[in-house]
Amino acid sequence: VLLRERAVKLGLKINEYGIFSVESNERLGGESEEDIYRTLGLPLIPPELREGTDEITAARKKKGLPKLVTRNDIRGDLHTHSDWSDGSNTIEEMARGAIQLGYEYLVISEHSQSLRVASGLSQDKLKQQIETIANLNDSFSNFRLLTGTEVDIKSDGSLDFPDGLLEELDVVTASIHVGLTQSR
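The rules behind the values
- Residues numbered from 1 in each chain as written.
- Predicted model: local features only at pLDDT ≥ 70, side-chain atom pairs only at ≥ 80, totals over all residues.
- Heavy atoms only, no water.
- Helix = DSSP H or I, 4+ residues; strand = E, 2+ residues; numbered from the N terminus.
- Buried < 20%, exposed > 50% of the residue type's maximum accessible area, 1.4 Å probe, protein only.
- Pairing = 2+ DSSP bridges.
- Phe/Tyr/Trp six-rings, centres within 6.5 Å; stacked < 30°, edge-to-face > 60°.
- Lys NZ or Arg CZ within 6 Å of the ring centre and 35° of its normal.
- Patch = residues over 30% accessible without salt bridge, like charges linked within 9 Å, V, L, I, M, F, W, Y side chains within 5 Å.
- Areas by Shrake-Rupley, 256 points an atom, 1.4 Å probe, with all protein chains shown as cover.
- Salt bridge = Lys/Arg side-chain N within 4 Å of Asp/Glu carboxyl O.
- Lys, Arg positive; Asp, Glu negative; His and termini not counted.
- Charge placed at Lys NZ, Arg CZ, Asp CG, Glu CD.
- Expected span 1.5 Å × (residues − 1).
- Arc of directions from axis to C-beta.
- Contact = heavy atoms within 4.5 Å.
- Axes fitted to C-alpha atoms, helices over the stretch in contact; angles between N-to-C directions.
- 1 Å grid on protein atoms, 1.4 Å probe; cavity = no way out; pocket = protein on both sides within 12 Å on 5 of 7 lines; lining within 4 Å.
- Points joined across faces, edges and corners; volume = space filled by probe spheres on them.
- Nonpolar A, V, L, I, M, F, W, Y, C, P; charged D, E, K, R; others polar.

## A closer look at unusual backbone geometry
For Asn25, which is not glycine, the phi torsion reads 60° and is therefore positive. Here Asn25 shows up in the loop between β2 (18-21) and β3 (27-29). Exposure remark for Asn25: the relative accessible area of 46% places this residue in the partly exposed category. Residue Asn142 is not a glycine yet carries a positive backbone phi of 65°. With respect to the element layout, Asn142 can be found in the loop between α5 (123-137) and β6 (144-152). Judged by relative accessible area, which is 76%, Asn142 ranks as exposed.

## Thoughts on the pairing of strand β1 (residues 12-15)
Across the two faces of β1 the burial differs, with Leu12 and Ile14 buried and Lys13 and Asn15 not buried at all. Pairing between β1 and β2: four bridges, direction antiparallel. Bridge pairing in β2 links Leu12 to Ser21. Linking β1 to β2, which pair antiparallel, is a turn of two residues.

## Let's talk about the environment of Gln123
Inspection of the secondary structure assignment puts Gln123 in helix α5. With relative accessibility at 29%, the residue Gln123 sits in the partly exposed group. The spatial distance from the C-alpha of Gln123 to the C-alpha of Pro162 is 8.9 Å, given a sequence separation of 39 residues.

## Here we look at the packing of aromatic side chains
Applying the stated rule across the entire model yields one aromatic pair. Arranged with centres 5.3 Å apart and planes meeting at 85°, the rings of Phe140 and Phe143 form a pair that is edge-to-face. Overall, the relative accessible area of 11% leaves Phe140 in the buried class. If you follow Lys13 out to its NZ or CZ, it ends over the ring of Phe20, 5.9 Å from the centre. Lying across the ring of Trp84, Lys125 places its NZ or CZ 4.9 Å from the centre.

## Here we look at a positive patch on the surface
Together, Lys9, Arg60, Lys61 and Lys63 make up a positively charged patch on the protein surface. Considering the arrangement of structural elements, one finds Lys61 in the loop between α3 (55-60) and β4 (76-80). The class of Lys61 is exposed, set by a relative accessible area of 54%.

## Some words on α5
Residues that lie three or four places apart on an α-helix share one face, since the helix turns once every 3.6 residues. Taking 1.5 Å per residue as the helical rise, α5 with its 15 residues ought to reach 21 Å, and the 21 Å between its terminal C-alpha atoms agrees with that figure. Within the span of α5, buried status applies to Leu126, Gln129, Ile130, Ile133, Leu136 and Asn137. Looking down the long axis of α5, one finds its buried residues gathered within 130° of arc, a one-sided arrangement. In α5, those exposed residues whose orientation departs by more than 90 degrees from the buried face are Asp124 and Glu131. Of the surrounding secondary structure, the elements contacted by the buried residues of α5 are α4 (91-100), β5 (105-111), β6 and α6 (163-166).

## Quick word on the sheet that holds β3
Strand order across the open sheet formed by three strands is β1-β2-β3, with antiparallel pairing between neighbours. The outermost strands of the open sheet, each flanked by one partner alone, are β1 and β3. Within this sheet the neighbouring strands show an average axis-to-axis angle of 35°, counted without direction. Bridge count between β2 and β3: two bridges; the pairing is antiparallel. Note that in β3 the partner of Phe20 across the bridge is Arg27.

## As for the layout of surface pockets
Estimates place the volume of the largest pocket at around 230 Å³. In terms of lining, the largest pocket is formed by Val1, Leu3, Arg4, Ile14, Gly30, Ser32, Glu33, Ile36, Tyr37 and Arg50. Secondary structure elements with two or more residues in the lining of the largest pocket: α1 (2-9) and α2 (33-39). Element by element, the count of residues in the lining of the largest pocket is highest for α2, at three residues. Residues that form the lining of the largest pocket fall into these classes: five nonpolar, two polar and three charged. In this structure, the second largest pocket encloses a volume near 160 Å³. For the second largest pocket, the full set of lining residues is Leu2, Glu5, Arg6, Lys9, Thr53, Asp54, Glu55, Ile56, Thr57 and Arg60. Of all the elements in the fold, those that place two or more residues in the lining of the second largest pocket are α1 and α3.

Pasting the structure below:
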């Protein structure tokens, strides 16, 4: 709608067939989205930014549109599950895959013990995993596996692992998986 309004102000019209001069009905573009935007005097606005707010104004200004995050901007992943809980791959396979993607780090963050349906780790298994990750890190250069957990917030508000164990981890994500219908 906003692009069509801009087109009208410029003596143009846009439809599913392209962008046209109102006066001559000559087709001026429309083979690609870039054609439409160029004819309207705008840079291409990526679909992720098309919200109908101020993106057209931003595109017209020198400062322009925000830069979108690309795969090259991603340095790592902060939340993954291995085959120790409900993931499909070993920690080493995941690390090798992350390295192939150019990542600098990968957090292994299994579910905690209360989430049995996802094969959550017991305290002892989590301690074993911390050791396994430390050993794997010895074999990497320019890459680091980080230890973590997706610790369950239980119905009484307490966490599934004691603070002392959580302090040994690099990353802790607290999640509610049960008791979702409780009052605040």
